[in-house]
Amino acid sequence: MSRKPKSRSDRFLGILFLFSLTVCIGLGHLPSIAQPAEPGNMATTQADNPSQLVQQGVEYYQAGDYKAAIEPWQNALTLYQETNNYTNSAIVRENLARANQKIGDIQEAISNWEQAILDYQQLRNWQQMGRMKTELAQAYSSFGQPRKALALLCGAPDADENSKNKPSCVQDSALKVARAHQDWKGEAAALGSMGNAYLLRGDYDQGIECLQTGLGIAEKVEFDISPQRTKDCTIDKLGKNYTAKILADSPYRSSFLNDLGNAYLSKAQRWERWASSAKQRGAKETTKEFRKNANNNYNQAGEYFQQSLKLARTQNHQPAQMRALRNLIRLSYRPQESISIEARNQWIQDAQELFNELPDSQDKVYAAIDLAKLEQPMTVVTDTSQHNSCGKRQLEAETETLLNQAVSIAQRIKDYRSESFAWGELGHLYYCRQDYQNALDFTQKAWWMADQNLSAKDSLYLWQWQLGQIFQDQGKEDEAVNAYKEAIATLEGFEGEQGKGEQGKGEQGIRTDILIAQRNLQFDFRDTIEPLYREFAQLTLKRADSLSSDSEQYQTELNSALKTVDSLKLAELQNYFGNDCLLTLFNQKQIDELVTKDTAVFSFMILEEKAAIMVSLPNGDKRLKKFKLSQVDSQRLIKEVNDFRTKIQESYDITKAFLTPAKNLYNWLIAPFASDLESAQIKTLVFIQDGILRSIPMAALYDGKEFLVEKYAIATTPSLTLTNPQALNRQELAALALGLTQPAVIDGESFSKLENVRKEIENVKAQFPASKTLLDDQFTRKSLQQELQQTVYPILHIATHGKFGTIPEDTFLVTGNNEKLTITELEKDIRRLSRGSKPVELLVLTACQTATGDDRTTLGLAGIIVQAGVRSALASLWYIPDNDTSELVTQFYHNLQSGMSKAEALKEAQKDMIPKRHPAHWAPFIIIGNWL
């Protein structure tokens, strides 16, 4: 039976809980246009009296029966339209939108808000128009489209990264309108919504600035003081009579404090990721500084949550109290958190007591789910990939009761989205108990609720996935395969329902939104997306293993597994680069042009028990697929990979200890297909690596007589669908060569001088006379941008220290003047500034260093061809003496000009060095992307 997985709805609920700020400007004015119905007189309300219909809808809404509120409001709207009462029509439309959102009818909600905005615009009621834009923006953010939200709120969310100041918001944006009409409440709401939208995009500093500005406005509204502003989320100075007094009766303050706590919590998690990345690459001082920043942000988060709770209690605002308590409990589960067990237990007890007092609402449903999912501290671990949430629950006796309550409340208020999560969690609970029939019944209910409602579509794949796991544990392979396929199709195909976006491309779908959000969390990707692909690949390979390798079904199962591997590679890159990720996919016809008849493609996938090795070989006009499972388990393989990487870098080791793991890895990964490679007369091996395998040079695998590169040209690519098939145009090659010879200090980390870089750059100039060189202080980001704008350079050669961490922000090149150029900045500049249809064809990075023992650091290298839009890259996995670099690269260029493919040119350059140098000096260089 498979390992019981962690419930993966955590991430979705986390995003829901983020949006605690509510616009306190709705529904309150409705009674002014509707005479309240007499108590108990709802049945006699006149159908032709729109005022009474409106009041009837208000009463339904306030009772939590949102669906019932829609009908009388819709009827009232019709009557108001017949009498051309545009003011009341607009008011009814905005409240219909709120009811639509409550029941999960997102499309209808958006339609009503958009029409209300147009109505208020025609009425020249600018204040209400701005407020409606804020509410529509909140709706977009709540289902994962912060870019659209920011467009409504400000209109200019994406400033030019080179400009010193963010642009001002456009005139008809919600924030600009609120400021123009001195609508302080509307302005505070717009700023809060902007803050949360920026947080969703991972721009924490900008988000915090907006929230803090909104908090200041919320405080001074009570004093009727006009704040003086500059642009967007900033204030020049406060009014004369303003003091930082905490107002107990401020309707906004508790929400702002809670959202600021969430912002600092997310920021702390990002610092932790950066610290982990810095630790992997050995930067001790940087690691220490990043951890200090993380701890400071965790403390700030806790302070804001505490302030929010205190204020909510003073105001007796129960929903706000529950939000703050849930956040404090979540924070207290961090292993290194200093919060006492007594404090945590008291918060849990307070939350339980408060839960029973809360009126029925969506928040109450999620509070029940949250409490039911709490685990005892001993079962909480930081590595989510190993997290088994079938451990003992904190509230074990109440878990089932809480989840049943969640279902009942969601049904009473007709909130289909929250009902879907409640059923799904019940299904997971019974799955952990191995009560598969109940698990199946409840999960199918969750699936049905999500499938019927657009607002819950982003959770649909969770329940399809859970169904696949249940079926698999029951031994129902066909049903499991179908469920897994549906889950992946939901992730990758839902974007088609969202319409078309800019440049004819579909809007970002579920997977893209999840991946972008999760790049700012502690590797949640490895728990909410990655296992789905690995589990499905393992299932299809298991089925293939039971078939004859000559059968058509065998090829079908392998093609399915390979497609799954490819999808996972795309997802990994999207998760790594987040909002910055740009994927250009090539079709099968283009791939066929790239993969010639003398080329074999190896695809690896490290599964739970063993690694799968899949090979695509030429077979006439088609490709023949074969696969085998590794001879050793996955943990042994990973250990051997790390051992190989560590030992091969020790160039002073005269015992050649690296040969043992080099031979083992050859025997496990290559040898099973040696006869196939020979009979097919293969000359080039292309590797699509997985996990930790990305960190080793395949060229140095050893068969007992020779290295792999002595027999085959070798290249690596993140995915064939991402590999530009166009071959290098060798006519009029020219290079922009940049280098650093001087020592440098970046973020407290010292980098030694590179004495032979000048010679390396001179050799590039000699090979390509039309080249331009920039050394030391001339090598800056600005000078790089200027050159790329002015001249077409097919080759971009950069000889400087490069550090590749587990995240893009900690992946950079050292430039002149003790400055750094992040890999994201480099890739953006290349893509944006390369001229027209002549992009950079070859990017050469000759002094890179990736961390040992980490499977994410090489994603930066793999992503170069994807992000920068270049066809190929030559880069090093670790730093080698610059005199050896100069020799190898010079020979590579010479071979390239003689007509060899890039993979062959590198092969011959490395072979020339084998008799003279330890593999540490030639093996780390790899070709990424197009190898022709």
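Residues numbered from 1 in each chain as written. Predicted model: local features only at pLDDT ≥ 70, side-chain atom pairs only at ≥ 80, totals over all residues. Heavy atoms only, no water.

Concerning the overall build of the protein chain
A count of helices and strands for the protein chain gives 35 helices and 19 strands. Each of the 932 residues in the protein chain was classed as buried or not, and the buried ones make up 60%. Of all intrachain contacts in the protein chain linking residues separated by at least 6 positions in sequence, the fraction that spans at least 24 positions is 70%. Surface accessibility of the protein chain: about 36900 Å² in total, with carbon and sulfur atoms responsible for 46%. (Helix = DSSP H or I, 4+ residues; strand = E, 2+ residues; numbered from the N terminus. Buried < 20%, exposed > 50% of the residue type's maximum accessible area, 1.4 Å probe, protein only. Contact = heavy atoms within 4.5 Å. Areas by Shrake-Rupley, 256 points an atom, 1.4 Å probe, with all protein chains shown as cover.)

So, the pattern of salt bridges
As enumerated under the stated definition, the model contains 36 salt bridges in all. Notably, a salt bridge pairs Glu530 with Arg534, separated by 2.8 Å at the nearest N-O pair. Highlighted residues: Glu530 and Arg534, both in helix 23 (residues 530-545), separated by four residues, approximately one helical turn. On the basis of relative accessibility, which here comes to 14%, the residue Arg534 falls in the buried class. (Salt bridge = Lys/Arg side-chain N within 4 Å of Asp/Glu carboxyl O.)

Quick word on helix 19 (residues 460-473)
Taking 1.5 Å per residue as the helical rise, helix 19 with its 14 residues ought to reach 20 Å, and the 20 Å between its terminal C-alpha atoms agrees with that figure. Counted residue by residue, helix 19 has 13 buried out of 14 residues, so it is predominantly covered. Following helix 19 by one or two positions, Gly475 adopts a phi angle in the positive range, close to 80°. (Expected span 1.5 Å × (residues − 1).)

Remarks on the state of the cysteines
Disulfide: a covalent bond formed between the sulfur atoms of two cysteine residues. One pass over the full model with this rule turns up one disulfide. The side chain of Cys154 participates in a disulfide bridge whose partner is Cys169; the two sulfur atoms lie 2.1 Å from each other. Across the disulfide from Cys154 to Cys169, rotation about the S-S bond amounts to roughly -100°, and the bridge is consequently left-handed. Taken together, the positions of Cys154 in the loop between helix 7 (146-153) and helix 8 (174-180) and Cys169 in the loop between helix 7 and helix 8 put the pair 15 residues apart, joining distant regions of the chain. (Disulfide = S-S within 2.5 Å.)

A look at helix 23
Counted at 1.5 Å a residue, the expected span for helix 23 with its 16 residues is 22 Å, and the 23 Å between its end C-alpha atoms agrees. Burial analysis of helix 23 places 12 of its 16 residues in the buried class, which makes it a mostly covered element. Burial in helix 23 covers these residues: Glu530, Pro531, Leu532, Tyr533, Arg534, Phe536, Ala537, Leu539, Thr540, Leu541, Arg543 and Ala544.

Description of unusual backbone geometry
If you check the backbone angles, Gln182 has positive phi at about 50° while not being a glycine. With respect to the helices, strands and loops of the structure, Gln182 is situated in the loop between helix 8 and helix 9 (184-200). Given the relative accessible area of 54%, Gln182 is considered exposed.

Focus on the environment of Ile670
Relative to the helices and strands, Ile670 resides in the loop between helix 27 (659-669) and helix 28 (674-679). Expressed as a C-alpha distance, the spacing of Ile670 and Val615, which sit 55 residues apart in the sequence, is 9.8 Å. Leaving out residues up to four positions away in the same chain, Ile670 has contacts with Phe602, Leu665, Leu677, Phe687, Leu701 and Leu708.

Here's the deal with the packing of helix 15 (residues 362-373) against helix 16 (residues 399-412)
Where helix 15 contacts helix 16, the two axes come as close as 8 Å, and the packing angle between them is 165°. By the angle between their axes, helix 15 is roughly antiparallel relative to helix 16. Remark: the crossing between helix 15 and helix 16 carries left-handed chirality. Taken together, the residues of helix 16 that come into contact with helix 15 (itself represented by Lys364, Val365, Ala368, Ile369, Leu371 and Ala372) are Thr399, Leu402, Leu403, Ala406, Ile409 and Ala410. Classifying every residue of the contact of helix 15 with helix 16 gives 10 nonpolar, one polar and one charged. (Axes fitted to C-alpha atoms, helices over the stretch in contact; angles between N-to-C directions. Parallel < 35°, antiparallel > 145°, perpendicular 65-115°, else oblique. Left-handed = near helix turned anticlockwise from the far one by under 90°. Nonpolar A, V, L, I, M, F, W, Y, C, P; charged D, E, K, R; others polar.)

Considerations on the packing of aromatic side chains
Inspection of the entire model under this criterion finds 21 aromatic pairs. Ring geometry for Phe658 against Phe707: centres 6.4 Å apart, planes inclined by 15°, an arrangement best described as stacked. Remark: Phe707 occurs in the loop between strand 6 (684-688) and strand 7 (713-716) and Phe658 occurs in the loop between helix 26 (634-648) and helix 27; sequence separation between them is 49 residues. The exposure class of Phe707 is buried, given its relative accessible area of 10%. Through successive ring pairs, a cluster of aromatic residues spans Phe602, Phe604, Phe673 and Phe687. Taking NZ or CZ as reference, Lys364 lies 5.0 Å from the ring centre of Phe355, over its face. Taking the ring centre of Tyr430 as reference, the NZ or CZ of Arg433 above it sits at 5.3 Å. (Phe/Tyr/Trp six-rings, centres within 6.5 Å; stacked < 30°, edge-to-face > 60°. Lys NZ or Arg CZ within 6 Å of the ring centre and 35° of its normal.)

Section: the pairing of strand 12 (residues 795-799)
Within strand 12, five of the five residues are buried, which leaves the element mostly enclosed by the surrounding structure. Residue alternation in strand 12 divides its side chains into two sets, Ile795, His797 and Ala799 and Leu796 and Ile798, and both sets are buried. Two strands pair when backbone bridges link them, and strand 8 (residues 735-739) and strand 12 are joined in this way by five bridges, in the parallel orientation. Bridging across to strand 12, Ala735 finds its partner in Ile795. As paired strands, strand 12 and strand 16 (residues 842-845) are joined by four bridges and run parallel to one another. Bridging from a neighbouring strand, Ile798 pairs with Leu845 of strand 16. (Pairing = 2+ DSSP bridges.)

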